[in-house]
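Here is how the chains run, residue by residue.
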Amino acid sequence: MPTYTLTVNGQAHTVEAEPDMPLLWVLRDLIGLTGTKYACGSAYCGACAVHVNGSAQRSCVAAISALDGADVTTIEGLSEDGTHPLQLAWNEVNVPQCGFCQAGQIMHAAAWMKDNPNPTAEEVDQNQSSNLCRCGTYQRIREAILLAAEKGA
Amino acid sequence: MYGLEIAGVIQPADGSTQEPLTVLNVSRRRFLKQTALGAGSVFVLGVFSGCRADNLAAWPDRAEPMGSLEDAGFRPNVFVGLNDAGDVFIVCSRSEMGQGIRSSVPAIIADEMGADWDRCHILQATGHPRFGNQNTDGSRSIRNHFDDWRRAGATAREMLLAAAAQQWETDTESCSMGVHEVTHADGRTLGFGELAVTAATLSAPNAPTFRPRSEWRYIGTDIDGRDNKAFVTGSATFGIDVQVEGMRHAAIMRSPVFGGKVASVDDTAARAVPGVLDVVRLNDHSMPPAFQALGGVAVIAENTWAAFKGRDALQVTWERSPHQDWSTEAQRAAMDAAVQAAGTPVRNEGDVEAAAGQQVVEATYHVAMLPHASMEPPTATAWVRPDGTCEVWAPSQAPQTARGSVAGALGVDPEAVTVHVTFLGGGFGRKSKPDYCIEAALLSKAVGAPVKVTWSREDDLRHDYYHPPSAQYMRAALGEDGKPLSWLHRSSFPPIGSTFANGVSGPGAGDLRSGVSNMPYVIPNVRVETSEAFAHQRIGWLRSVYNIHHGFSVNAFVAELAHAAGADARDYLLDLIGPDRELNDLFPRPPVLDTARLKGVIRRAADEAGWGRTLPEGHGMGIAGHFSFSSYVAHVVDASVEDGAIKVHRVDCAVDCGTAVNLDRIRSQMEGATVFGLTIALKDGIEAVDGRVTTGNFDTYRLLSLAETPDTHVHIMDSELPSGGVGEPGVPPLAPALAGAILQATGRPVRSLPIRLA
């Protein structure tokens, strides 16, 4: 089985994996970082969003073979202690219900806000509509992103 | 002092360990009589000191930090504990799936106890009868257990006051409860930690007094989500996140047609997939399916990806199933035909046939078969050890049912099975059924190692316990004043009973109580009938259950009648509900519908929405109200139709759930129910042809997105009446309110969910 080297949240990892194994399962089953979630496996929902070399990617369809040497950030590494402005805003607005999709929501928003630090509500709606939430926390997700932007995400 | 509390993990900030002080009040039998928690539950106020850090550091111990007490020979039903450092431990015996119960329970106990919220730590109960009823469904946690938790807190408060009196050698009248401390009349104070050891020696009071509402500090406020930080940092352990040393991963190929049995298996290609360890054939399920594992062929692998790939590589042929020719289209046609003919009456007042009015309105309503589609699919991890004991880690709404079902499938005593409850990545009723827990246990037993079963999204959408598809025929004759003289309602759908008994051929009288046979309108001639319908899949309860299709048809029909009568939809609805009264004849058992409260939420939603105001061109406003799970909810929807596309602009939701415990979570449940209802109204139903569900993932079962989510305003009615449910009752009125808005905007009625405008 081939081996691949990744930097995940600042730490180097060498993993043995089939070339087609998605990054999602490398993270969850091989490295043991379970904050990144499986929910569809087909890039429809965004629960598996992580940052690869600084950009948001759906880890459930990102084969490890194309990621050798990549720099990956997961929700566990977004901030040291849960104090990224989006994490703080999520807490302040009480966004989570079941909480399952929220890591993906936050990772997706965090990458986007690097280039869009002052979005309008409409821009938030359009960008964040790629991430699904069955509990229906959308209204608060919008509110939290705008709050984080206001406080300087 | 305990520094960190995430998902039930409690670690002393200083890293020290404390031996537990295994002292419990011994007079607990008297206390048992006072509780309503049910037979078999011991409800002991456990006052103890210290939770050893080494017991709590790692999964699975962190799920059951009471283990140290049990090791010492105690099996108490501990709801409240206190250590000599002053930390309060509260056991949450309900499953957390987004409703915030792990925040609401401690708020109730802390208020009665006088505890400081920040000194309370939540521990999740494992599935065991000693915790009372743990079935977290039916929107029941607060409405059934509010007083139990108050009693736990009040007992602790009175014992702490007594302990203070004893330590000060005074009477309890000289002691009053502060915040996390008892104050003496002369100004001295004793903190909870200083009272723990003494309190532990005292008898629990027989009948503790509840505090007046004026002394509540947390109940009735916006309570912070205790687990928010765990969710936003990725540290919360959901069922799918469980990791057990030596664990293997399983994916199962189940019959694509319900009831299909394995005819042959060629697993050559599956076994050749790198990482695949084994292929295990599960026994076919029998009928009725109930909570059984569905059977099929499992691939055991080193990781989830290999299990999925191996499963996809299986070559399995299936015997012909009795449901091979089922299609959702044919099923709808069959139910359609059924409701056009007379059915079996379950309510009959006057003579609907003889009531001839000026105008007859008739309509047939349909709601599609619906999945739960929780973001976390069904998943469970089990470890059947060589000694026959079994541990299960699962996102379960019903851990006691899971325990009993797993024990039954393994042929062991339930006491040999421990079910650890993780966070649920959504439940909506799906995770009340423990079939996936049984799968994990059977596979663990087969391979002699811990096994995690993970359902793919396709597995979830194709093998659900579905909300039943339905057809309903309604007919009313309107008098000269536009009011209905008669009301005929026939309802056809395969009921949940078909999952648990063979030969069920349609809804029974009890299945029509969810708003049909007990619809609250004042109409002289009423006839309600059940019509035939057969199940071709497992049918189960989905958030608000039959209220989904009944709340829709009843409210949408009233809007059509108002439209036909040229009346204002709100006024017409209020007028139909009629005078203030409790409908004791239609609700033989509590909760009884109170028409004043139903009208109250309808008026409130209408007022908040600005009912009657001039709307922009192309907009319409609709209104609906429904009583379910002891609560009253009304929605007003402002929507427009442009170029065939429905846009929902604003939703006002008024809820009367009696005494409101956690305002923020009531609002969030109503916001979520609005999205859930809009998904039902605007997105997709389950589709099947040739016996197979063709819906497979979020491309064919689409969820509402953020951009489609309207501004939702939730209005909570002030009330001191007993608490009602919150998780489910927000769903039923949304779709009919939207239907009313579309009717007003376009003049065309909406009779099917999901809505498809021609």
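Residues numbered from 1 in each chain as written. Chains lettered and ligands numbered in written order. Predicted model: local features only at pLDDT ≥ 70, side-chain atom pairs only at ≥ 80, totals over all residues. Heavy atoms only, no water.

### Remarks on the overall build of chain B
Point 1. Scanning chain B from N- to C-terminus turns up 19 helices and 29 strands.
Point 2. Burial analysis of chain B (758 residues in total) assigns 65% to the buried set. (Helix = DSSP H or I, 4+ residues; strand = E, 2+ residues; numbered from the N terminus. Buried < 20%, exposed > 50% of the residue type's maximum accessible area, 1.4 Å probe, protein only.)

### Focus on the sheet that holds strand E28 (residues 711–716) of chain B
Sheet strands line up and pair through hydrogen bonds in the backbone, either parallel or antiparallel.
Residue and element names in this part refer to chain B.
Point 1. If you trace the four strands from one edge of the open sheet to the other, you get E23-E24-E25-E28, paired in mixed fashion. Two strands bound the open sheet, and with one partner strand each, they are strand E23 (619–628) and E28. Put simply, the sheet's adjacent strands are angled 15 degrees from each other on average, direction ignored.
Point 2. Of the strand pairs in this sheet, E23 and strand E24 (residues 631–642) are connected by 10 bridges, and their pairing is antiparallel. (Pairing = 2+ DSSP bridges. Axes fitted to C-alpha atoms, helices over the stretch in contact; angles between N-to-C directions.)

### What about the domain arrangement of chain B?
Residue and element names in this part refer to chain B.
Point 1. Entries for chain B in the domain assignment read domain 1 (2–233), domain 2 (239–321 + 378–454) and domain 3 (328–371 + 465–753).
Point 2. Using C-alpha coordinates to define each centre, domain 2 is positioned 37 Å away from domain 3.
Point 3. Roughly 1400 Å² of surface becomes buried between domain 2 and domain 3 when both sides are summed, with 61% attributable to carbon and sulfur atoms.
Point 4. At the junction of domain 2 with domain 3, the criterion picks out one salt bridge.
Point 5. Asp 435 is the partner of Arg 538 in a salt bridge, and the nearest nitrogen-oxygen pair spans 3.0 Å.
Point 6. The interface formed by domain 2 and domain 3 holds six residue pairs in polar contact (both at pLDDT 80 or more) in total. (Domains from an automatic or database assignment. Buried area = accessible area lost by both parts, 1.4 Å probe. Salt bridge = Lys/Arg side-chain N within 4 Å of Asp/Glu carboxyl O. Polar contact = N/O pair within 3.5 Å; in protein donor to acceptor, adjacent residues only side chain to side chain.)

### What about the nonpolar core?
Generally speaking, a soluble globular protein has its nonpolar side chains buried in company with each other.
Residue and element names in this part refer to chain B.
Point 1. Ranked by size, the top nonpolar core spans 167 residues in total, and within it Trp 487, Tyr 521 and Leu 738 carry the most contacts.
Point 2. A per-element tally of this core places helix H15 (residues 547–565) first, with eight residues.
Point 3. When neighbours within four sequence positions are excluded, Leu 738 is seen to be in contact with Val 637, Ala 639, Ile 646, Val 648, Leu 678, Ala 681, Leu 682 and Ile 755.
Point 4. Formed by 44 residues, the second largest nonpolar core is a distinct cluster that contains Val 88, Ile 90, Ala 163 and Tyr 218. (Core = buried A, V, L, I, M, F, W, Y, C linked by side-chain atoms within 4.5 Å. Contact = heavy atoms within 4.5 Å.)

### Topic: empty space enclosed by the protein
All names here are of chain B.
Point 1. Taken as a whole and assessed by the stated rule, the structure comprises 11 cavities of 30 Å³ or more.
Point 2. Looking at the second largest cavity, it is lined by 13 residues, and the ones nearest its centre are Gly 100, Ser 103, Gly 225, Asn 228 and Phe 231.
Point 3. Contributing elements (two or more residues each) for the lining of the second largest cavity: helix H4 (101–113) and helix H7 (228–233).
Point 4. For the lining of the second largest cavity, the class distribution of residues is two nonpolar, six polar and five charged. (1 Å grid on protein atoms, 1.4 Å probe; cavity = no way out; pocket = protein on both sides within 12 Å on 5 of 7 lines; lining within 4 Å. Points joined across faces, edges and corners; volume = space filled by probe spheres on them. Nonpolar A, V, L, I, M, F, W, Y, C, P; charged D, E, K, R; others polar.)

### Points about the interface of chain A and chain B
Point 1. With 46 residues of chain A at the contact, the number on the chain B side is 62 residues.
Point 2. Buried surface at the junction of chain A and chain B, summed over both partners, amounts to about 4600 Å²; 55% is from carbon and sulfur atoms.
Point 3. Inspection of the region where chain A meets chain B yields six salt bridges.
Point 4. The shortest N-O distance in the salt bridge between Asp 241 of chain B and Lys 37 of chain A comes to 2.4 Å.
Point 5. Of all the elements in the fold, those that place two or more residues in the side of chain A that touches chain B are helix H1 (23–31), helix H2 (85–92), helix H4 (121–128) and helix H5 (138–150) of chain A.
Point 6. For the side of chain A that touches chain B, the residue count by class is 20 nonpolar, 15 polar and 11 charged.

### Examining the side chain of Gln 97 of chain A
Point 1. Relative to the elements of secondary structure, Gln 97 of chain A occurs in the loop between H2 and helix H3 (102–115).
Point 2. Residue Gln 97 of chain A is classed as buried on the basis of its relative accessible area of 5%.
Point 3. Looking at Gln 97 of chain A, its side chain comes within polar contact range of the main-chain oxygen of Ser 668 of chain B, at 2.9 Å.
Point 4. In contact with Gln 97 of chain A, other than residues within four places in its own chain, are Gln 102, Cys 135, Gly 136 and Thr 137 of chain A together with Gly 98, Phe 231, Arg 665, Ser 668, Gln 669 and Gly 672 of chain B.

### Notes on the sheet that holds strand E5 (residues 71–73) of chain A
Residue and element names in this part refer to chain A.
Point 1. Strand order in the open sheet formed by five strands is E2-E1-E5-E3-E4, and the pairing between neighbours is mixed. The open sheet is flanked by strand E2 (11–16) and strand E4 (55–58), the only strands paired with a single partner. Taken pair by pair, the neighbouring strands of this sheet meet at an average axis angle of 40 degrees, ignoring direction.
Point 2. Relative to E2, strand E1 (residues 3–8) runs antiparallel, the two being bridged by six bridges. Paired with Thr 5 across the two strands is Thr 14, which belongs to E2.
Point 3. This element, H1, spans E1, E2, strand E3 (49–52) and E5 of the sheet and lies at about 95 degrees to E2.
Point 4. On top of the sheet, H3 reaches E3, E4 and E5; it is set at about 40 degrees to E3, its chief contact.

### Here's the deal with the domain arrangement of chain A
Residues and elements named next belong to chain A.
Point 1. The assigned domain composition of chain A is domain 1 (3–76) and domain 2 (85–150).
Point 2. Using only C-alpha atoms to locate each centre, domain 1 and domain 2 end up separated by 21 Å.
Point 3. Residue-level contacts link 18 residues of domain 1 with 13 residues of domain 2.
Point 4. Of the roughly 1200 Å² buried where domain 1 meets domain 2, counting both sides, 62% is carbon and sulfur surface.
Point 5. Here domain 1 and domain 2 share zero salt bridges between them.
Point 6. For the pair domain 1 and domain 2, the interface holds six residue pairs in polar contact (both at pLDDT 80 or more).
Point 7. Looking at the side of domain 1 that touches domain 2, its residues break down into nine nonpolar, seven polar and two charged.

### Re the pairing of strand E22 (residues 525–531) of chain B
Residues and elements named next belong to chain B.
Point 1. Of all seven residues in E22, seven are buried, a share of seventy percent or more.
Point 2. Neither face of E22 is open: one carries Asn 525, Arg 527, Glu 529 and Ser 531, the other Val 526, Val 528 and Thr 530, and all of them are buried.
Point 3. Here strand E14 (residues 344–349) pairs with E22 via five bridges, running antiparallel. Within the sheet, the bridge partner assigned to Glu 349 lies in E22 and is Val 526.

### Some thoughts on unusual backbone geometry
Point 1. At the junction of Met 287 of chain B and Pro 288 of chain B, the peptide bond is cis and its omega measures out at -5 degrees in the coordinates.
Point 2. As for its placement among the helices and strands, Pro 288 of chain B is situated in the loop between strand E11 (276–282) and strand E12 (296–301).
Point 3. The step from Pro 590 of chain B to Pro 591 of chain B runs through a cis peptide bond, and the omega angle for that step is 0 degrees.
Point 4. Locating Pro 591 of chain B in the fold gives a position in the loop between helix H16 (569–577) and helix H17 (595–609).
Point 5. Even without a glycine there, the phi angle at Asn 9 of chain A is positive, about 50 degrees.

### Some words on the confidence of the model for chain B
Point 1. For chain B, mean pLDDT is 89; residues scoring 70 or higher make up 90% of the total.
Point 2. Within the model, the stretch residues 1–77 of chain B combines pLDDT values under 50 with 189 contacts to residues more than four positions away or in other chains. (pLDDT = per-residue confidence, 0-100.)

### Digging into the packing of helix H18 (residues 663–682) of chain B against helix H19 (residues 734–746) of chain B
Residues and elements named next belong to chain B.
Point 1. For the pair H18 and H19, interaxial distance at closest approach is 8 Å and the crossing angle is 60 degrees. As summarised for this structure, H18 and H19 are arranged oblique, according to the angle between their axes. Judged by the sense of rotation from one axis to the other, the crossing of H18 with H19 is right-handed. On H19, the residues touching Thr 674, Gly 677, Leu 678, Ala 681 and Leu 682 of H18 are Leu 734, Ala 735 and Leu 738.
Point 2. The class makeup of the residues in the contact of H18 with H19 is six nonpolar, two polar and no charged. (Parallel < 35°, antiparallel > 145°, perpendicular 65-115°, else oblique. Left-handed = near helix turned anticlockwise from the far one by under 90°.)

### Observations regarding the packing of aromatic side chains
Residues and elements named next belong to chain B.
Point 1. As enumerated under the stated definition, the model contains 19 aromatic pairs over all chains in all.
Point 2. Of the aromatic side chains, those joined through ring pairs into one cluster are Tyr 365, Trp 487, Tyr 521, Phe 552 and Phe 557.
Point 3. Positioned over the ring face of Phe 676 is Arg 543, at 5.2 Å from the centre of the ring. (Phe/Tyr/Trp six-rings, centres within 6.5 Å; stacked < 30°, edge-to-face > 60°. Lys NZ or Arg CZ within 6 Å of the ring centre and 35° of its normal.)

### Here we look at the environment of Ala 330 of chain B
Residues and elements named next belong to chain B.
Point 1. Locating Ala 330 in the fold gives a position in helix H10 (residues 328–340).
Point 2. Accessibility expressed as a relative area gives 42% for Ala 330, which makes it partly exposed.
Point 3. Residues Ala 330 and Val 689, 359 residues apart in the sequence, show an inter-C-alpha distance of 8.9 Å.

### Re the pattern of salt bridges
Side chains that differ in sign of charge can pair as their charged atoms come close.
Residue and element names in this part refer to chain B.
Point 1. Per the stated rule, a full pass over the model turns up 50 salt bridges over all chains.
Point 2. The salt bridge partner of Arg 211 is Glu 215, with a shortest N-O separation of 2.9 Å.
Point 3. Several salt bridges converge on common partners, so that one network encompasses Glu 112, Asp 147, Arg 150, Arg 157 and Glu 158.

### Overview of the environment of His 563 of chain B
All names here are of chain B.
Point 1. As for its placement among the helices and strands, His 563 is situated in helix H15.
Point 2. With relative accessibility at 43%, the residue His 563 sits in the partly exposed group.
Point 3. Note: C-alpha distance between His 563 and Gly 295 (268 residues apart in sequence) is 51 Å.
Point 4. Once residues lying within four places of it in the same chain are set aside, the contact partners of His 563 are Leu 743 and Gly 747.

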